[in-house]
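Close look at the chain arrangement
Spelled out from the first residue to the last, the chains are:
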Amino acid sequence: MKLLNKSISYLSLSILAIVTLWAVIFYVNMLQEIKSSIDEGLENYKRLIIKNAEHDPSILTKNYFDESFFTIHPIEKQEALAFKDQYLDTIIAMQDADDQALEPEPVRMLVSAFESNGKFYRLKVANSMVEEDDLIGELLWDVVWLYLVLIIGILVINNIVLKKLWHPFYSLLAQLKSFRLGTSHELVRTNTTVKEFMDLESSMNHLLQQNINAFERQKEFVGNASHELQTPLAIMTNKLELLLENAWVNAKEAESMAEIYQIVQRLIRLNNSLLLLTKIENKQFFDNRWVPINETVHQCVEDLEDMATFRKIKITVNAISPLKTYMDISLANILVGNLVKNAVHHTSEKGNIIIHITEAKLQVQNTAADGPLDEELIFSRFYGSRKETGRSGLGLSIVRAIAGLYGHRVQYGFDHGMHSFEIFFSPNKPSKT
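Quick caveat: nothing in here was measured; it's all calculated off a predicted structure.

This part covers helix α7 (residues 293-303). Along α7, the residues classified as buried are Ile 293, Asn 294, Thr 296, Val 297, Cys 300 and Val 301. Looking down the long axis of α7, one finds its buried residues gathered within 165° of arc, a one-sided arrangement. α7 presents Glu 295, Glu 302 and Asp 303 as exposed residues on the side facing more than 90 degrees away from its buried surface.

Once that is clear, we can look at the sheet that holds strand β6 (residues 314-319). Taken in spatial order, the five strands of this open sheet run β6-β8-β9-β11-β10, and their pairing is mixed. Across the chains shown, the open sheet's two edge strands, defined by having one partner strand only, are β6 and β10 (409-415). Averaged over all adjacent pairs, the angle separating strand axes in this sheet is 15°, with direction ignored. Relative to the sheet, helix α9 (residues 329-345) contacts β6, β8 (352-357), β9 (361-367) and β11 (418-424), its axis offset from that of β9 by approximately 15°.

Once that is clear, we can look at the packing of α7 against α9. It is at 9 Å that the axes of α7 and α9 come closest, and there the two elements cross at 50°. Taken together, α7 and α9 sit at an angle that is classed as oblique. Regarding α7 and α9, the two cross each other, and that crossing is right-handed. Here Ile 293, Thr 296, Val 297 and Cys 300 of α7 come into contact with α9, specifically with Ala 332, Asn 333, Val 336, Gly 337 and Val 340. A class-by-class count of the residues in the contact of α7 with α9 yields six nonpolar, three polar and no charged.

With that settled, consider unusual backbone geometry. Its identity is not glycine, yet Lys 312 carries a phi of approximately 60°, on the positive side. Among the secondary structure elements, Lys 312 is positioned in the loop between α8 (305-310) and β6. Positive phi outside glycine occurs at Lys 350, with the angle close to 65°. Among the secondary structure elements, Lys 350 is positioned in the loop between α9 and β8.

Below, the discussion takes up the pattern of salt bridges. Throughout the structure, instances matching the rule amount to nine salt bridges. With a shortest N-O distance of 3.3 Å, Glu 43 and Lys 46 are connected by a salt bridge. Of this pair, Glu 43 and Lys 46 both sit in helix α1 (residues 3-55), three residues apart, which is roughly one turn of that helix. Assessed through its relative accessible area of 16%, Glu 43 is described here as buried. Given a relative accessible area of 10%, Lys 46 falls into the buried group. The residue Asp 199 makes a salt bridge to Lys 195 at a minimum N-O spacing of 2.8 Å. Taken as a pair, Asp 199 and Lys 195 lie in helix α5 (residues 195-245) at a separation of four residues, close to a single helical turn.

A separate point is the packing of aromatic side chains. For the structure shown, the criterion picks out nine aromatic pairs. For the ring pair Trp 22 and Phe 26, a centre distance of 5.1 Å and an interplane angle of 15° mean the geometry is stacked. With Trp 22 and Phe 26 both in helix α1 and four residues apart, the pair spans about one turn of that helix. Three or more aromatic residues joined by ring pairs make a cluster, and in this case those are Trp 166, Phe 169, Tyr 170 and Phe 197. The side chain of Lys 62 reaches across the aromatic face of Phe 70, ending 4.6 Å from its centre. Above the plane of the ring of Phe 424 lies Arg 409, whose end atom (NZ or CZ) is 4.2 Å from the centre.

The rules behind the values
- Residues numbered from 1 in each chain as written.
- Predicted model: local features only at pLDDT ≥ 70, side-chain atom pairs only at ≥ 80, totals over all residues.
- Heavy atoms only, no water.
- Buried < 20%, exposed > 50% of the residue type's maximum accessible area, 1.4 Å probe, protein only.
- Helix = DSSP H or I, 4+ residues; strand = E, 2+ residues; numbered from the N terminus.
- Arc of directions from axis to C-beta.
- Pairing = 2+ DSSP bridges.
- Axes fitted to C-alpha atoms, helices over the stretch in contact; angles between N-to-C directions.
- Contact = heavy atoms within 4.5 Å.
- Parallel < 35°, antiparallel > 145°, perpendicular 65-115°, else oblique.
- Left-handed = near helix turned anticlockwise from the far one by under 90°.
- Nonpolar A, V, L, I, M, F, W, Y, C, P; charged D, E, K, R; others polar.
- Salt bridge = Lys/Arg side-chain N within 4 Å of Asp/Glu carboxyl O.
- Phe/Tyr/Trp six-rings, centres within 6.5 Å; stacked < 30°, edge-to-face > 60°.
- Lys NZ or Arg CZ within 6 Å of the ring centre and 35° of its normal.

Laid out in structure tokens, this is it:
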């Protein structure tokens, strides 16, 4: 969820809570104000009735409620002297003006006592009240409309004011997303006078510059180390080849030199593999294009056909549908080649290799000489070299590194006596690598 949308959700919930609380307080205060105003009217009405009773004694005989909303009943002196005015919320039955039917009506009532011409009376004065359910209903709709108006106002402010305010932040974020070590030459920039955004830009550029410097130093070191290693290894290889060609070398010496030659060749492969891994991790491959994996698989199988024939290994390719992926073509060749080479090297004589190709998956299965491999260690560096000294042990590590570079998923399994390596290709085309 975007920051602006998240802020709207928090504001909406906060405003809903505030408006609800305000509505409750407003309702209580408004009801108290209405009752207070009615009580003042009832007090004035009481005084007027008592005053009129002095001039018109017939009022003192009114003992039922009608449109005049008061009743008078005689009481004892002791009761009258002990009586205190009371304000009550009650319901009385009033005669309907049309059909004379009794209809309950909520009223605010003042019960009081007074003395007239030496006699004492209890006076009940009532006044119609606003029905609370109607009041609550009206208030509820007012609150709903108020909430909607506030939310609409926030949306307008968010899209006009806050969006403009946060524009520098999103600009910095977009530049940071598109920044790539080794290819991007400019640091992030934004035109703003907001101190927080200026500090953010400064901090981001400081971190980026440190990463750029570290990346350049690492790339230079790897290049220099690889170059310096290749020269003495090449010299050692040439000298060993010359020594092996000499006729005076006996069989035992030749065997020892052949072992040294194999070790040197392994060092060369190890050096090249480590250099390749470093380049992959530093994302130094940029020749991205749509690569047909089917053609890559067939070419790899053709290249390894002589070795497979020599070891009597049967390779079967089941291409169910064409598979294309967007990546560097050299890395695609290495990805497929390492999987197939790994299967050929680890399949015993007269074994089988089955390659399945679907629209989004490449699966390479080979006959297992032993049981299943360790799923947690199979893709770690030098795992294979612990059991087999003739290889670098980096082939599957390179496969995982290449797959991870493009968001593909590599998985190992063991079923029916066969190792199974699967690559699930991501359907999305990367923007940049």
